[in-house]
Amino acid sequence: YLDSLNSMQAVRNESVLGQRTTLKLELLYEAKDGDVFSESVLRDIRAFEQALRSLEGWSKLCNMSEPALQFQCSPGESFGNYVWPKRLDNFLTAGGFFRLSFDGSASERLPLDAVVAYLREGRAFPHELLFFLPMAFTEGSNSRLLRSVFGFTAPSLDDADFRRTYQDFVEKQLYKAMKEVVLFTRRPVDPSSWDKPPSMQIYFRGDLLDDYEVLEALHGDMLLAIGPLILSLILAWIKFRSGFLALSATTLLCFTVLLAYVILPVEKVSLASFLGVFMIFGLGFSSFFRMHELWRRSRLEAVEHWERLMYLHTAAGREMLPVVCTSLCYFLLLTSNLVPLREFGIFIGTSMLLAVAFALFCFVPILLLHEVHLRPCLRRMSPRLVMVLEPAHVKPNWEMLASKIMLLLRRPKPLLAGTALVVFICSVTALAVTAAQPYPELPEVFPHDHHREAGRPLLQSFRHVNPAEVAAPLTIQMCEPGRNLSSCALHWCDLQTTGSSNLTSWPSEQAAACSCYAPLGLTTMCSNITVSMTISGSRATALSEATVLPEVEAFMQTHFADADYVATSSATSRRLQSVVLEDWPTGATQVDPMTEMPQISLGFPTPRLSTSSCHETHLCYCSPKACTNPAGYRRTTSDLSLPALSTTTEDATSTSSLTSSEVVVLFGISRPAGLANLLAKTISAEFDTSFDPASPWAQRAMLRVCEELPTTLQVLTSRCWILDFRTWLYSRGQKFPVERFLDFHQTLKEFLVSYPSSASAMWFNEGNNLTDDVH
């Protein structure tokens, strides 16, 4: 029974996705300058990941994967999916929300602080900030590192075909693509070239991909084993004084390595086993040298060949004993806890025993064949050819060297003193080098500048994760504040321009003034009103509920002056999804937390038109930035005020000086092929299909070109149609850029009716829509 328990294996459940084989690909990005949140880095990351997903093998393997987990490979688990969400609604719906799809395919990016807030607040489960960012990242700080994770999950427990397909994809497409892009990101910048390498460096890890990378390196390094093999061949040629014997011994030695690889029960050869190949080629000739020396001695002990063979095999046991004992010593490595050392020990020990066996049973017949048949045939050949193939009479002149050695031996004291001095110097050098080492380290597989070794400390800065088994929400709703929607990922509104809107938060020593809004409903008819108060801003979260709640009750008592009583429910306040306040002209955003206070009940003593109870929601923006008047709400006559904090902090503000200037700029065309084209009178270029003038960021960028160029250009006059376009929008009571839910192209056509001269600065496509413009 106990033996059966030891052999018991867990039964794998086909329906449990976690028990399927999942092959992971992990990508690390490091910004070369600045941080990974810059738009250039994020665009380069998105372009690279889109190129990966467009590989033929990637699409094939993703389609083979478990359908419920195909989100792991398309679009994958990437920070870029949240930065570039596709908008599903062109207009704000009647319910007060618009939808986004996190597939990373949009041309307009979501503000970074909104992305961070969404991932922080838990609506993106199983994704959160530390899935993509290092463990040391804190909100409000920058990061030079970013991570993406992709996975391919087998469609069933039988993953043999799936693994073979993935292995084939790695060998034929994936590794080659990853290697090329890693080398490209490390290419030095050429200041005279328009083509710039990506603004980040890439490091990658992956199942089967790491092993294949090591094997590729080893296959190339195995060519280096030809060096010791050739040197051993030359040495054997000199030792045997026969090219035939040297070539035969070298061939048998190669068979030794191959046979050891075939017969050993090792699924895959480790790095240490490859080192054994070099050792076998360098040291494996000793067995053949010993047998050749015994064959030469046998001439002195016997005359007949059979007698010589008897002598050779009798003496071989004594001569081969040191080699056999050495091989047995390598087998002691089987007791090691390290698998590579165990594999190395059994591989080199087996190879040495096979070399002894080949020397005894294969090389001895070759020696006999050489002496009986081959050498007589060689005597009939050209003397020069014989001198090369059988240099039996080529002997170096050792007499002069021997005489010098004898002279040294006649003076033993200087010889011993010199030997002791050399040994002492070597010992001191060895001790000094050992003491200089800070700590012993395991040898690295690749050099320190290789992406695997350079990326090792970066990988350790991240939390270990596996591809998610549950898909994060792909489609979410961005809601207008005050709609009381429970399925909002974030709240979103336009920023109201006020005198204090240049601040991000109220100074801690100052009371926080709030802008409050109440619904337009006829709640004055109700005898009892239940009010839900929603407060945005960091002050409400920094203060305790016991501090905020009396201020809210006092505000309610002032707002409902005829209320008989004000009672607060026993529930506690709760955090809602944050609100993103967007300054439409500049595109700047700020994310403020939103807190829902406990419900407050109010009763009225005077008779009202209805005895029913009503419910309404009040909004208060308690930061210097506030949303525009929400739809269906009115500004309250009294405002809430939250007390100052006990500690003070200084609010640092920075100002930047912007100047207005003009240069000739073409938007929406691809850049010229080279620098020489810019010096020509004509420029050959093509339309840039990715240019979208309807994007508010494109409009802001065109405006900045007209307003924020440096004074060193010495601009004298300016003429920019985008400035006229902004003025025209303001004159109509509209916003610039054109609002997200309006038709940009139709608005532009109406503008050209009033400013027809601006049409000369634009190109329109077949659909009569703007494709390019000139400033």
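Draft legend 1. Expanded view of the overall build of the protein. On a plain count of helices and strands, the protein comes out with 24 helices and 21 strands. By the burial criterion, 43% of the 775 residues in the protein qualify as buried. For the protein, long-range pairs separated by at least 24 residues make up 75% of all intrachain contacts whose partners lie at least 6 apart in sequence. When the accessible area of the protein is evaluated, it comes to approximately 42400 Å², of which 60% is carbon and sulfur surface.

Draft legend 2. Here's a closer look at the pairing of strand 6 (residues 475-479). With five bridges joining them, strand 3 (residues 97-101) and strand 6 adopt antiparallel strand pairing. Along strand 6, the bridge assignment pairs Phe 97 with Cys 479. Both strand 6 and strand 7 (residues 488-496) contribute to a ladder of three bridges, which runs parallel. Note that in strand 7 the partner of Met 478 across the bridge is Leu 490.

Draft legend 3. Local environment of the sheet that holds strand 5 (residues 200-206). Reading across from one edge, 4-1-5 is the order of the three strands in this open sheet, with antiparallel pairing throughout. Unpaired on one side and paired on the other, strand 4 (145-153) and strand 5 mark the two borders of the sheet. Across this sheet, the average inter-strand angle for adjacent strands is 15°, counted without regard to direction. For strand 1 (residues 22-31) and strand 5, the ladder comprises seven bridges, and the chain directions are antiparallel. Note that in strand 5 the partner of Leu 28 across the bridge is Tyr 203. Packing of helix 8 (residues 209-221) onto the sheet brings it into contact with strand 1 and strand 5, and relative to strand 5 it is tilted by some 100°.

Draft legend 4. Structural context of the environment of Pro 75. Relative to the assigned elements, Pro 75 resides in the loop between helix 3 (56-64) and helix 4 (79-83). The exposure class assigned to Pro 75 is buried, which follows from its relative accessible area of 18%. As a C-alpha pair, Pro 75 and Phe 102 span 27 residues in sequence and 8.8 Å in three-dimensional space. In this structure Pro 75 touches Arg 53, Asn 81, Phe 102, Asp 103 and Phe 150, once residues within four positions along its chain are discounted.

Draft legend 5. Spatial organisation of helix 18 (residues 451-460). Within helix 18 the residues assigned to the buried category are His 451, Arg 452, Glu 453, Gly 455 and Leu 458. In this fold, the buried residues of helix 18 make contact with strand 1, strand 4, helix 7 (160-185), strand 5 and helix 8.

Draft legend 6. Expanded view of the state of the cysteines. In total, this model carries six disulfides according to the counting rule given. Across a sulfur-sulfur distance of 2.0 Å, Cys 514 and Cys 622 are joined as a disulfide pair. Linking Cys 514 and Cys 622, the disulfide has an S-S dihedral of approximately 110° and is accordingly described as right-handed. Taken as a pair, Cys 514 in the loop between strand 8 (512-513) and strand 9 (515-519) and Cys 622 in the loop between strand 15 (613-621) and strand 16 (626-627) lie far apart in primary sequence, 108 residues in all. Exposure remark for Cys 514: the relative accessible area of 3% places this residue in the buried category. Residue pairing for Cys 516: its cysteine sulfur links by disulfide to Cys 620, the two sulfurs lying 2.1 Å apart. Since a negative S-S torsion denotes a left-handed disulfide, the Cys 516-Cys 620 link at about 110° is right-handed. One end of the pair, Cys 516, is in strand 9; the other, Cys 620, is in strand 15, and 104 residues separate them in sequence.

Draft legend 7. Representation of the environment of Phe 169 in the model. Structurally, Phe 169 is set in helix 7. Phe 169 sits 109 residues away from Lys 60 along the chain, and the two C-alpha atoms are 9.3 Å apart. Ignoring anything within four residues of it in the chain, the contact list for Phe 169 reads Leu 55, Gly 57, Trp 58, Leu 61 and Leu 174.

Draft legend 8. Examining the packing of aromatic side chains more closely. Scanning the model with the defined rule gives 30 aromatic pairs in all. Ring plane angle 85° and centroid distance 6.2 Å describe the contact between Phe 725 and Phe 744, whose orientation is recorded as edge-to-face. Taken together, the positions of Phe 725 in helix 23 (residues 721-731) and Phe 744 in helix 24 (residues 744-754) put the pair 19 residues apart, joining distant regions of the chain. Using a relative accessible area of 4% as the deciding quantity, one classes Phe 744 as buried. Arranged with centres 5.1 Å apart and planes meeting at 75°, the rings of Phe 725 and Phe 751 form a pair that is edge-to-face. Taken together, the residues span a long stretch of sequence, with Phe 725 in helix 23 and Phe 751 in helix 24 at a distance of 26 residues.

Draft legend 9. Main features of the pattern of salt bridges. In total, this model carries 24 salt bridges according to the counting rule given. Put simply, Asp 168 and Lys 172 hold a salt bridge, and the shortest N to O gap is 3.2 Å. One end of the pair is Asp 168 and the other is Lys 172, both in helix 7 and four residues apart, which spans about a single turn. In this structure Lys 172 comes out as exposed when scored by relative accessible area, which is 58%. Between Arg 483 and Glu 480 there is a salt bridge, with its nearest N and O atoms 2.9 Å apart. Taking the relative accessible area as the measure of exposure, Glu 480 reaches 17% and is therefore buried. Shared partners join several salt bridges into a network, and the residues in it are Lys 24, Glu 26 and Arg 147.

Draft legend 10. Fine view of unusual backbone geometry. In this structure, Pro 75 follows Ser 74 across a cis peptide bond, with omega equal to 10°. The omega torsion across Phe 125 and Pro 126 is 10°, close enough to zero to call that bond cis. For Pro 126, the position within the fold is in the loop between helix 5 (112-120) and helix 6 (129-132). The backbone of Leu 208 sits at a positive phi, close to 70°, despite the residue not being glycine. Looking at the element boundaries, Leu 208 is found in the loop between strand 5 and helix 8.

Conventions used here
Residues numbered from 1 in each chain as written. Predicted model: local features only at pLDDT ≥ 70, side-chain atom pairs only at ≥ 80, totals over all residues. Heavy atoms only, no water. Helix = DSSP H or I, 4+ residues; strand = E, 2+ residues; numbered from the N terminus. Buried < 20%, exposed > 50% of the residue type's maximum accessible area, 1.4 Å probe, protein only. Contact = heavy atoms within 4.5 Å. Areas by Shrake-Rupley, 256 points an atom, 1.4 Å probe, with all protein chains shown as cover. Pairing = 2+ DSSP bridges. Axes fitted to C-alpha atoms, helices over the stretch in contact; angles between N-to-C directions. Disulfide = S-S within 2.5 Å. Phe/Tyr/Trp six-rings, centres within 6.5 Å; stacked < 30°, edge-to-face > 60°. Salt bridge = Lys/Arg side-chain N within 4 Å of Asp/Glu carboxyl O.

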